[in-house]
Amino acid sequence: SHKSSKREWKPLEEHSCTDVPWLLLFILFCIGMGFICGYTIATGAAARLLLGYDSYGNICGQKNVKVEGIVNSGLDLTHKKYVFFLDPCNIDLVHQKIKSLALCVSACPRKELKTLADIQKFAETNGSTLCSYELQPSEYTTDPRAAKLCPKYPVPESAPIPFFHRCAPVNISCYAKFAEALITFVSDSSVLHRLISGVMTSKEIIMGLCLLSLVLSMILMIIIRYISRVLVWILTILVVLGSLGGTGVLWWLYAKQRLSASALETQIAKDNLQALLIYAIAATVFTVILFLIMLIMRKRVALTIALFHVAGKVFIHLPLLVFQPFWTFFVLVLFWTYWITVLLFLGTTGSPVPNEEGFVEFRMAGPLKYMWWYHVVGLIWISEFILACQQMTVAGAVVTYYFTREKRNLPFTPILASVNRLVCYHLGTVAKGSFIITLVKIPRMILMYIHTQLKGKENACARCMLKACICCLWCLEKCLTYLNQNAYTATAINSTNFCTSAKDAFVILVENALRVAAINTVGDFMLFLGKVLIVCSTGLAGIMLLNYQQDYTIWVLPLIIVCLFAFLVAHCFLSIYEMVVDVLFLCFAIDTKYNDGSPGREFYMDKVLM
């Protein structure tokens, strides 16, 4: 009777659209993001960024409009296509800009110019005037204003940066101060130079090792189903030996101290003895509890092993799942590139305002100042949306696999079918789920920003409070992510909207709390071992290969790069594996709850799970 009152789970029977208002909201938000991009391009920020502009607000390489109250503005600079900084090494680190007069010139000085006469000669031969617009080349050596309006000499040899039309010194030593501020630990530039040359000489090896880590991850995905049982046994034996060994050693130490204690009748010796006794008793209690937990969890660990086994089968039936992280990563990179481009545009948007030195700065006026915030929220929400789409796609494909009785009748590519379902019916649900995560992420980021700003200014109590808040928000975010993933699975099964799905999934998870705990602890540990395995084997191969060229390169940095890449790759692949296991578990829980194997209510599950 409790079944009729509660909504039945009807796997894959009918599809209906879910959370349409949220989809509309998300589309409106994206239109807003597009508007920001359009606005920055329309107001000339894009041209300013790409073509460059001088200190008087003129864009290089085109005719300009006069700005009120600024001398030298509104010039026709059609032939002067490059931006030249009079003092390129004067970098203001606080505001991250070059504190120097910038001019448009027709050519960058391709060789070093040591005196004003050289600058004058360069202007006469190449027709490129490097001093400010009001000086004629003939006046360079005679006019007293030349000291202020001409470049600081010697003028370093410079070349235009591709696509950005700015003259940059060829020898980067001038930016050493800048680099030092960024990388304080490299005091000696030769160390940095050696490290970089080390990476450059062994780039083929680095590429090869990165490929190796990819291949290893793919192999591990296939093997893990066969070795999952072995991994669990290794884990169990390690835990048992560790706890028994620790307890044994403590009791042995206590007995030894006790026997020799008659000789040492000092207070300290007695205290030590008592401490050892307390430790030994605590360790014994802990070991007993651990054994009890292992006895209780025996069945559930067996379930974890079975789920890993079935997950391996899922990857054999749906091989395209392995490529899921690539697509997600590709889309994310595209979106981030777009986001950063617009961010750079935003940096040069606004109306020209004279600053205290009499040069032009671009400042946003009025409500447009807050476009930044909108843009940042967009970064988080849309990134979360893309990740949530991946979760929904995986959930849809695995659900189709699980609830198809005859695996021969699976659609040709369940993943494409799942993407199709997502786009047609469930985009709103994904938008809502990702919005909830965004709501938790933004306050956490604001608090972290405050925390970094207050370094060294605040008292210990405030810092502790901030850390606690950040920690709580982080935990909340993790829990919500886990719940969201199960809600997407419920949506994929039932076509219900986000809130209903989350509630249903939550009920099922609470009913199977112990199983969830076992799967998350044991399963995560197995996946962690997998990651360690991949990183270690790639690192080992790296050491053996790089060892051949140890005479002429530093191979610490290449090795670190390779290991980081290997870890990232392993993490991407195994996170998909984790997703599949979670989805399978929810399907399994629903299956056991509503079916009992009797005729008409047969189980959907694999033989291993039974």
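Everything below is about the structure printed above this text.
Model, not experiment: these values are computed from the prediction.

About the cut-offs
- Residues numbered from 1 in each chain as written.
- Predicted model: local features only at pLDDT ≥ 70, side-chain atom pairs only at ≥ 80, totals over all residues.
- Heavy atoms only, no water.
- Phe/Tyr/Trp six-rings, centres within 6.5 Å; stacked < 30°, edge-to-face > 60°.
- Lys NZ or Arg CZ within 6 Å of the ring centre and 35° of its normal.
- Helix = DSSP H or I, 4+ residues; strand = E, 2+ residues; numbered from the N terminus.
- Buried < 20%, exposed > 50% of the residue type's maximum accessible area, 1.4 Å probe, protein only.
- Lys, Arg positive; Asp, Glu negative; His and termini not counted.
- Salt bridge = Lys/Arg side-chain N within 4 Å of Asp/Glu carboxyl O.
- Polar contact = N/O pair within 3.5 Å; in protein donor to acceptor, adjacent residues only side chain to side chain.
- Contact = heavy atoms within 4.5 Å.
- Core = buried A, V, L, I, M, F, W, Y, C linked by side-chain atoms within 4.5 Å.
- Domains from an automatic or database assignment.
- Disulfide = S-S within 2.5 Å.

Draft legend 1. Geometry of the packing of aromatic side chains. Applying the stated criterion across every chain, the model contains 16 aromatic pairs. In textbook terms, an aromatic cluster arises when at least three aromatic residues are bridged by ring pairs, as seen for W22, F26, F29, Y374, W381, F385 and F435. The side chain of R405 reaches across the aromatic face of Y604, ending 3.9 Å from its centre.

Draft legend 2. Representation of the side chain of R166 within the structure. Note that R166 resides in the loop between β5 (158-160) and β6 (167-169). Nearest to the buried, unbridged R166 among oppositely charged side chains is D54, at 11 Å. At 3.4 Å, the side chain of R166 forms a polar contact with the backbone oxygen of R48. Within the structure, the side chain of R166 is placed 3.0 Å from the backbone oxygen of L49, a separation counted as a polar contact. Contacts of R166, omitting those with residues within four sequence positions, involve R48, L49, L50, L51, G52, V83, A159, P160 and I161.

Draft legend 3. Region of the structure containing the nonpolar core. V314, L321, Y577, V580, L584 and L609 are the most contacted members of the largest nonpolar core, which has 63 residues in total. The residues that make up this core include at least three from each of domain 1 (1-43 + 318-352 + 364-496) and domain 3 (194-317 + 512-592 + 604-609). Y577 has contacts with M221, I224, R225, F308, A311, G312, F315 and L527, leaving out every residue within four places of it along the chain. The next biggest cluster of nonpolar side chains, apart from the first, holds 32 residues, and it includes Y56, V105, L130 and C150.

Draft legend 4. Spotlight on the pattern of salt bridges. All told, the structure shown has six salt bridges when counted by the stated rule. When the shortest N-O distance is used, the salt bridge between K441 and E384 registers 2.7 Å. Of the two residues, K441 is situated in helix α12 (residues 414-453) and E384 in helix α11 (residues 371-402); the sequence distance between them amounts to 57 residues. Across this residue pair, the class does not change: K441 and E384 are buried. Salt-bridge contacts for E511 lead to K593; the nearest nitrogen and oxygen are separated by 3.2 Å.

Draft legend 5. Focus on the state of the cysteines. Counted according to the given criterion, the structure contains three disulfides. With its sulfur 1.9 Å from that of its partner, C60 forms a disulfide with C104. Between C60 and C104, the S-S torsion sits near -75 degrees, and that sign places the bridge as left-handed. Pair noted here: C60 is in the loop between α3 (45-51) and β1 (82-85) and C104 is in strand β4 (residues 102-105), with a separation of 44 residues, a long-range link. Residues C60 and C104 agree in their burial class; the two are buried. Note that C131 is cross-linked by a disulfide to C150, the S-S spacing being 1.9 Å.

By themselves, these are just geometric observations and shouldn't be taken as functional.
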